[in-house]
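Architecture and fold: a report
Here is what each chain is made of, one letter per residue.
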Amino acid sequence: MKEEQKSFMKMAIELSLSGMESGKGGPFGCVIVKDGKVIGLGSNSVLETNDPTAHAEIVAIRDACKNLGNFQLDGCEVYTSCEPCPMCLGAIYWARPDKVFYANTKKDAAEAGFDDHFIYKELELPLQSRKIPFDQILQGEAQKVLKEWALKENKTLY
């Protein structure tokens with residue numbers, strides 16, 4: 001591991017501690033880097049914002065994309081103090097960075113009270129067996145919009 005990588009991970013860990021100590025949210029931090037320069041920072045801000053999606057990685061992705069003026073993180077590295085939860089993992093894949101470095105594992109997080117295992121189990125279940133009911137309605141109307149998107153000539157793909 002390069003010293004620069006250790007330095008960025010230490011920044012993510014420091015963000016996890018400072019965010020937790022200030023009451024912003026749980027003990028998670030994230031740093032996004034491009035070409036050796038920090039372009040995005042985030043600590044868990046769920047409590048501060050009353051936003052269940054304000055995880056460190058999401059906050060950092062939003063910051064980095066705003067700073068880049070782009071919705072993709074091509075050429076970027078993500079340094080996160082913990083292995084990403086399912087939501088953050090999805091966001092990371094949508095943002096398309098080149099690499100992710102993490103410190104704590106999801107098992108470490110579970111032992112500290114942040115257990116996302118139930119979400120992984122829910123994803124494997126049929127919709128009708130999940131704890132939160134899912135009912136499909138008005139599919140035909142919604143499909144019209146998807147069909148219009150498919151035919152749209154001046155769209156930006158992502």
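This structure is a prediction, so every number in the text was calculated from the model and none was measured. Each chain has its residues counted from 1, following the order in which its sequence is written. Two thresholds apply to this predicted model, a pLDDT of at least 70 for residue-level local features and 80 or more for giving and counting side-chain atom pairs, whereas whole-chain, interface and lining totals are computed over all residues. Processing note: side-chain calculations cover all non-hydrogen atoms of the structure and skip hydrogens and water entirely.

**Brief notes about the environment of Lys37**
Under the scheme used here, helices are H or I runs from DSSP no shorter than 4 residues and strands are E runs no shorter than 2 residues, and both carry numbers assigned from the N terminus. Along the chain, Lys37 falls in strand E2 (residues 37–43). Residues Lys37 and Glu21, 16 residues apart in the sequence, show an inter-C-alpha distance of 26 Å.

**Details of the sheet that holds E2**
Strands pair, by our definition, only if DSSP identifies at least two bridges between them. Taken together, four strands build an open sheet; the order of strands is E2-E1-E3-E4 and the sheet is mixed. The strands lining the two open edges of the sheet, one partner per strand, are E2 and strand E4 (99–104). The average angle at which neighbouring strand axes cross in this sheet is 15°, direction not considered. Two strands pair when backbone bridges link them, and strand E1 (residues 29–34) and strand E3 (residues 76–82) are joined in this way by five bridges, in the antiparallel orientation. Directly across from Cys30, in E3, lies its bridge partner Thr80. Comment: axis = line fitted to C-alpha atoms, over the contacting stretch for helices; angle = value between 0 and 180 degrees taken between N-to-C directions.

**As for the side chain of Thr80**
Tracing the backbone through its elements, the reader meets Thr80 in strand E3. Only 2.8 Å separates the side chain of Thr80 from the side chain of Glu57, close enough to count as a polar contact. N or O atoms within 3.5 Å of each other form a polar contact, as long as, within protein, one can give a hydrogen and the other can take it, and as long as residues adjacent in sequence are counted only when both atoms are side-chain atoms.

**Comments concerning helix H4 (residues 86–95)**
Within H4, burial applies to Pro86, Cys88, Ala91, Ile92 and Ala95. Residues of H4 that are buried make contact with helix H3 (56–68), E4 and helix H6 (117–124). At the C-terminal side of H4, Arg96 shows a positive phi close to 60°. Partly exposed describes any residue whose relative accessible area lies between the buried limit of under 20% and the exposed limit of over 50%, with all areas from a 1.4 Å probe on protein chains only and scaled to the type maximum. Any pair of residues with heavy atoms lying within 4.5 Å of one another is described as a contacting pair.

**Digging into the pairing of E1**
Among the six residues of E1, five are classified as buried, and the element is accordingly described as predominantly covered. Note that E1 and E2 share six bridges and pair antiparallel. Bridge pairing in E2 links Val33 to Val38. Counting the residues that bridge the hairpin from E1 to E2 gives two residues, and of these Asp35 lies at a positive phi of roughly 55°.

**Quick word on the environment of Leu151**
Within the secondary structure, Leu151 sits in helix H7 (residues 139–151). The exposure class of Leu151 is exposed, given its relative accessible area of 68%. Measuring from C-alpha to C-alpha, the distance between Leu151 and Phe114 comes to 43 Å, with 37 residues separating the pair along the chain.

**Comments concerning unusual backbone geometry**
With a phi angle near 55°, Asn50 is a residue other than glycine that sits in the positive phi range. Relative to the helices and strands, Asn50 resides in the loop between helix H2 (46–49) and H3. Non-glycine residue Arg96 carries a positive phi angle of around 60°. The topology assignment puts Arg96 in the loop between H4 and E4.

**Quick look at the environment of Glu122**
By secondary structure assignment, the location of Glu122 is in helix H6. Linking Glu122 and Asn70, residues 52 residues apart in sequence, is a C-alpha distance of 33 Å. Filtering out sequence-adjacent residues up to four positions away, Glu122 remains in contact with Arg130, Lys131 and Ile132. At 2.8 Å, the side chain of Glu122 forms a polar contact with the backbone nitrogen of Lys131.

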